[in-house]
Amino acid sequence: MDTSERFDAIASIHRISEIINTGIFMPQQKRNPFRHSALVDVLICLRDLMAKTERYSSRVAFTDDVVITPRVRDVSDTIKAVRDALCHLDSPNHDLVPTGSRITAVVV
């Protein structure tokens, strides 16, 4: 990993921590109009970290509490699919699970 990618990884970790520490995901913030943006930002940072981890070490591949589908085989795929669904409105990942559930911009 070169210096710029190392810096990006550290920046992603700090960004996630900063966002979580704002309290934006606490129940009393459920109507905050920036809650969705905060979730998208966290998912973008997580996806970047998952890609770097897979490239330079090994894939984060646990399956605890992950609904396995043809497109999702572990937590790394879950993070990618949810990020894609929230960032790309035309993504087929909106219909991620076979239960009929749909990923939307609602953060509860």
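Predicted, not measured: the structure shown is a model, and the values here were computed from it.

## Focus on the nonpolar core
Nonpolar side chains in soluble globular proteins tend to be buried together.
1) Next: If you look at the biggest cluster of nonpolar residues, it comprises 10 residues: Val40, Leu43, Met50, Val66, Val72, Val75, Ile79, Ala81, Val82 and Leu86.
2) Next: Only α2 (35-56) and α3 (75-87) provide two or more residues apiece to this core.
3) Next: Not counting residues within four places of it along the chain, the set of residues in contact with Met50 comprises Val60, Ser76 and Ile79.
4) Next: Counting 8 residues, the second-largest nonpolar core is a separate cluster that includes Ala9, Ile19, Cys45 and Leu49.

## Quick word on α2
1) Next: Spanning 22 residues, α2 covers 32 Å between terminal C-alpha atoms, matching the ideal 32 Å at 1.5 Å per step.
2) Next: Of all the residues in α2, the buried ones are Arg35, Ala38, Val40, Val42, Leu43, Cys45, Leu49, Met50 and Lys52.

## Some thoughts on the side chain of Lys52
1) Next: In this fold, Lys52 is placed in helix α2.
2) Next: Lys52 gets classed as buried once you look at its relative accessible area, which sits at 7%.
3) Next: Polar contacts involving the side chain of Lys52 include one to the side chain of Asp48, which spans 2.6 Å.
4) Next: Contact partners of Lys52, with chain neighbours within four places excluded, come to Met1, Glu5, Asp8, Ala9 and Ser57.

Thresholds applied
- Residues numbered from 1 in each chain as written.
- Predicted model: local features only at pLDDT ≥ 70, side-chain atom pairs only at ≥ 80, totals over all residues.
- Heavy atoms only, no water.
- Core = buried A, V, L, I, M, F, W, Y, C linked by side-chain atoms within 4.5 Å.
- Buried < 20%, exposed > 50% of the residue type's maximum accessible area, 1.4 Å probe, protein only.
- Helix = DSSP H or I, 4+ residues; strand = E, 2+ residues; numbered from the N terminus.
- Contact = heavy atoms within 4.5 Å.
- Expected span 1.5 Å × (residues − 1).
- Polar contact = N/O pair within 3.5 Å; in protein donor to acceptor, adjacent residues only side chain to side chain.

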